[in-house]
Amino acid sequence: MALVASGVTADRIAAVTFTERAAIDLVDRVRKEVVAALARSALASGLVRRAADRPHWRKVYVGCPFGDGVLEGFVDLMYRDDDGLVVVDYKTDSWRADADLGSVP
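About the criteria used
Residues numbered from 1 in each chain as written. Predicted model: local features only at pLDDT ≥ 70, side-chain atom pairs only at ≥ 80, totals over all residues. Heavy atoms only, no water. Pairing = 2+ DSSP bridges. Helix = DSSP H or I, 4+ residues; strand = E, 2+ residues; numbered from the N terminus. Phe/Tyr/Trp six-rings, centres within 6.5 Å; stacked < 30°, edge-to-face > 60°. Core = buried A, V, L, I, M, F, W, Y, C linked by side-chain atoms within 4.5 Å. Buried < 20%, exposed > 50% of the residue type's maximum accessible area, 1.4 Å probe, protein only. Contact = heavy atoms within 4.5 Å. Salt bridge = Lys/Arg side-chain N within 4 Å of Asp/Glu carboxyl O.

Trainee: Whenever I open this one, the pairing of strand E1 (residues 56-66) confuses me. Can you help?
Mentor: One ladder, built from ten bridges, connects E1 with strand E2 (residues 69-81); its direction is antiparallel. When the sheet's bridge partners are listed, Gly63 is paired in E2 with Glu72.

The following block contains the structure:
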C-alpha cells in the first residue's frame, strides 16, 4: 500500500525492471561483440598464425636473472621459431605512435 500511495505502482516497477534488463542485455551484447572482435584480431595476427603452426605454449611462467635478482612473471604466448624462442606478451594499453613502443634486444 505504501508503494502505491507514493506513486510507485506495480506497472511502474515492471517498466523500470524491463528497461534495466534491456540495458544489461545491451551491455552484455556489446561486451561479447568487443571480445569477439579482439579474438578475431588476435587470430589474424601473423605472430599467432605462425605460433599455431609450431610448438607453442600459452600463459607460460618465465624467470631469468636480472641484475642482482630474478625477473619473473607470465607471458601470454611463447613459440619455437627457426632462430629460437619467441615471447609474445599482449598489452591492452593503446599507443599513439610507433615511437611509444619499445623492444628488448
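Trainee: In this structure, what is going on with the packing of aromatic side chains? I would like to understand it.
Mentor: The geometry of an aromatic ring pair is captured by the separation of the ring centres together with the interplanar angle, meaning the angle of the planes. For the coordinates displayed, the defined rule picks out one aromatic pair. Here the aromatic rings of Tyr61 and Phe74 are separated by 5.5 Å at their centres, their planes lie at 70 degrees, and the arrangement is edge-to-face. Pair noted here: Tyr61 is in strand E1 and Phe74 is in strand E2, with a separation of 13 residues, a long-range link.

Trainee: Is there a simple way to think about the nonpolar core in this case?
Mentor: Soluble globular proteins: nonpolar side chains tend toward being buried together. In this structure, Val48, Ala51, Leu77, Tyr79 and Val88 together form the largest nonpolar core, which totals five residues. Secondary structure elements with two or more residues in this core: helix H3 (46-52) and E2. Residue contacts for Val88: discarding those within four places in its chain leaves Leu47, Val75, Asp76, Leu77 and Tyr79.

Trainee: Is there a simple way to explain the pattern of salt bridges in this structure?
Mentor: Summed over the entire model, instances satisfying the criterion amount to seven salt bridges. In this structure, Asp28 and Arg31 form a salt bridge, with 3.6 Å as the shortest nitrogen-oxygen distance. Taken together, the residues Asp28 and Arg31, both in helix H2 (residues 10-44) and three residues apart, mark about one turn of the helix. With relative accessibility at 29%, the residue Asp28 sits in the partly exposed group. Given the relative accessible area of 52%, Arg31 is considered exposed. Several salt bridges share partner residues, and in doing so they unite Arg50, Arg54, Asp81 and Asp82 into one network.

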